[in-house]
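# Inside the fold
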Amino acid sequence: MSVNGEAVRVGPGTGRADEPGWEVDPDDDWALAVVATVGRQLKLRREAVGMRVPEFAVAVGYGEDLVYKIESGRRIPRPEYLDTADEILRAGGLVAAMKEDVRKVRYPKKVRDLAQMEARAVELQLYDPVNLHGLLQTPEYARALFRMRRPRYAEEEIERGVAARVARKAVFDREAAPELSFVQDEWTLRRRLGGLDVVRAQLEHLLTVAQLPNVEIQVMPMDREEHAGADGAIEVLKFEDGTAVGRSPAVVGGRPVTDPRQLRILELRYGIIRAQALTPLESTAFIERLLGET
C-alpha cells in the first residue's frame with residue numbers, strides 16, 4: 001500500500017505484494033547485471049546471518065515471492081527495501097549503499113542514454129511542437145502529463161517517469177554549463193494541462209530558467225504564416241570534439257543521426273524556426289503576459 005505515493009511497510013503475515021513498474025527490462029543488459037549483483041549480495045548476506053526467506057520476508061515486511069524475485073535478479077528492489085534489509089542483516093550501510101546503482105537502473109535505458117548524451121553536450125538545440133520540452137517541465141507538470149497517458153499508467157510507473165525526467169535536469173547544474181536553446185509553440189504554453197495551479201507554476205519556472213545566462217527560450221506565435229517546424233520535433237546535441245547527434249520524426253523515422261548531411265538538414269530547419277519565432281526577450285515578455293492572464 002502507499003500514502004501520498006510513499007511506500008508503507010506492512011506487518012507480519014501481510015507482506016507487501018508485487019507492484020508494477022519495478023520489473024527489469026530484459027533487453028537492458030546493464031540493468032540486468034546490476035540487479036543480479038544486488039540480488040546476489042542480498043541473498044549471501046541473508047544466508048550469512050542464518051535467515052531463511054520466510055523469516056526474512058516477515059522481518060522486511062514484503063511477500064516471500066517478492067524476496068525470491070529480488071534475490072534472483074528479476075525485480076528491482078525499492079530504496080526502503082534496501083534500507084530495511086541493511087538493518088536486519090546488520091550490513092553496516094553496505095546494502096543501503098547499493099541504492100545509488102539501483103536508482104539508475106530504474107530509469108528506462110533510452111532515458112539513461114539520452115541523459116548521458118545531454119551530460120556530454122556543449123550545445124543543445126531543442127524544439128518540441130507537442131508539449132513543453134522535458135528539460136523545461138516542472139515535476140508537477142510532468143506528473144500531470146504522465147497521468148493523461150492511455151492506457152493509464154500505474155502510479156509507480158508515473159513516479160518512475162517523473163523521477164527520470166527530473167534526473168535529466170542535471171544538465172542545468174553542470175559546472176561547464178552547455179548552451180541550451182529551446183523553441184516552443186505558443187499553444188503548448190496556453191494549454192491548461194494539469195490545472196491552473198500547475199500551469200502557473202510551470203510558466204513561473206520557464207521565466208526562472210530563461211534568466212540563466214546559458215539558456216534561450218523562444219516562442220513560436222500561432223499567427224505565423226510560415227513554420228519550418230511543421231514536420232515535427234527537432235533535437236540537435238553538439239559535443240566538445242566537434243561531433244553531433246540529431247533526431248527528428250521527419251528524418252529517418254526519428255532515429256538518432258550522426259551523418260553530416262542529415263545533421264545539416266536538422267540545423268537548417270532549426271535555424272529557420274528560431275528566425276521565425278519571437279526573440280528571447282520578446283518571448284520572456286510573452287510568457288509574463290500569459291502568466292498574468294492565467
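Each remark here, short or long, concerns the structure printed above.
The text that follows walks through the structure, step by step, so that each part is easy to find. (Residues numbered from 1 in each chain as written. Predicted model: local features only at pLDDT ≥ 70, side-chain atom pairs only at ≥ 80, totals over all residues. Heavy atoms only, no water.)

## Considering helix α8 (residues 155–167)
To keep it simple, the criterion reads: Counting from the N terminus, the helices are the DSSP runs of H or I reaching at least four residues and the strands are the DSSP runs of E reaching at least two. Multiplying 1.5 Å by the residue count of a helix minus one yields the expected span of that helix. The buried label goes to any residue with under 20% of its type's maximum accessible area, the exposed label to any with over 50%, and the partly exposed label to all in between, with areas taken from a 1.4 Å probe on protein chains only.
The end-to-end C-alpha separation of α8 is 18 Å, in line with the 18 Å expected for 13 residues at 1.5 Å each. Turning to α8, its buried residues are Glu156, Ile158, Arg160, Gly161, Val162, Ala164 and Arg165.

## Quick look at the environment of Glu140
With respect to the helices and strands, the residue Glu140 is situated in helix α7 (residues 139–147). Taking the C-alpha atoms as reference points, Glu140 and Val24, separated by 116 residues in sequence, lie 26 Å from one another.

## Some words on empty space enclosed by the protein
Selection criterion: We place a 1 Å grid over just the protein atoms. Points where a 1.4 Å probe fits but has no way out form a cavity, open points with protein on both sides within 12 Å along at least 5 of 7 lines form a pocket, and any residue with an atom within 4 Å of a point lines it. Grid points are joined across faces, edges and corners, and a volume is the space filled by probe spheres set on the points. In this classification, Asp, Glu, Lys and Arg are treated as charged, Ala, Val, Leu, Ile, Met, Phe, Trp, Tyr, Cys and Pro as nonpolar, and every other residue, Gly included, as polar.
Applying the stated criterion to the full structure yields two cavities of 30 Å³ or more. Roughly 60 Å³ of internal volume is contained in the largest cavity. As for the largest cavity, its lining consists of ten residues, and the residues nearest its centre are Trp22, Leu66, Arg75, Ile76 and Arg78. Along the lines of polarity and charge, the residues of the lining of the largest cavity split into seven nonpolar, no polar and three charged. Its volume calculated, the second largest cavity comes out at about 40 Å³. Lining the second largest cavity, in full, are Leu132, Tyr141, Thr188, Leu189, Arg191, Val199, Gln202 and Leu203. If you tally residues by element for the lining of the second largest cavity, the top one is helix α10 (residues 196–210), at three residues. Residue classes in the lining of the second largest cavity are distributed as five nonpolar, two polar and one charged.

## Concerning the side chain of Thr284
Which entries qualify depends on this criterion: Between two residues, a contact is recorded if the distance between any of their heavy atoms is within 4.5 Å.
Mapping Thr284 onto the fold places it in helix α12 (residues 280–293). Residues within four places of Thr284 in sequence aside, it is in contact with Leu207, Ala210 and Gln211.

## Some words on the packing of aromatic side chains
Put simply, the rule is: Pairs were defined over the aromatic rings of Phe, Tyr and Trp, the Trp ring being its six-membered one, requiring ring centres within 6.5 Å. Orientation was assigned from the angle between planes: stacked under 30 degrees, edge-to-face over 60, tilted for the rest. A positively charged side chain is recorded as over a ring if its NZ (Lys) or CZ (Arg) lies within 6 Å of the ring centre. The angle to the ring normal must also be within 35 degrees.
Under the criterion given, the structure shown has three aromatic pairs. Between Tyr62 and Tyr81, the aromatic rings sit 5.1 Å apart at their centres with planes inclined by 75°, giving edge-to-face as the arrangement. On the criterion of sequence distance, the pair formed by Tyr62 in the loop between α2 (53–60) and α3 (64–71) and Tyr81 in helix α4 (residues 79–88) is long-range, its members being 19 residues apart. Both residues of the pair, Tyr62 and Tyr81, belong to the buried class. Each residue in the set Phe56, Tyr62 and Tyr81 is aromatic and connected to the rest through ring pairs, giving one cluster. Geometry around Phe239 places Arg120 over its ring, the cationic atom sitting 4.2 Å from the centre.

## Topic: the pairing of strand β3 (residues 121–128)
For the record, the criterion: DSSP bridges decide pairing: two strands pair if at least two such bridges lie between them.
Counting buried positions over the eight residues of β3 gives six, a clear majority of the element. Note that β3 and strand β6 (residues 234–239) share six bridges and pair antiparallel. Looking at the pairing, Leu126 lines up with Glu235 of β6. Of the strand pairs in this sheet, β3 and strand β4 (residues 179–185) are connected by six bridges, and their pairing is parallel. Pairing of Leu126 across the sheet is with Phe182, part of β4.

## Section: the sheet that holds β6
Where we set the bar: Convention adopted: a line fitted to C-alpha atoms gives each axis, helices being fitted over their contacting stretch, and angles between N-to-C directions are expressed from 0 to 180 degrees.
The mixed open sheet is built from five strands, whose spatial order is β5-β4-β3-β6-β7. Across the chains shown, the open sheet's two edge strands, defined by having one partner strand only, are β5 (215–220) and β7 (244–247). Within the sheet, the average angular offset between the axes of one strand and its neighbour, ignoring direction, is 5°. In the sheet, β6 pairs with β7 via four bridges, with the strands oriented antiparallel. From the neighbouring strand, Lys238 faces β7, where its bridge partner is Ala244.

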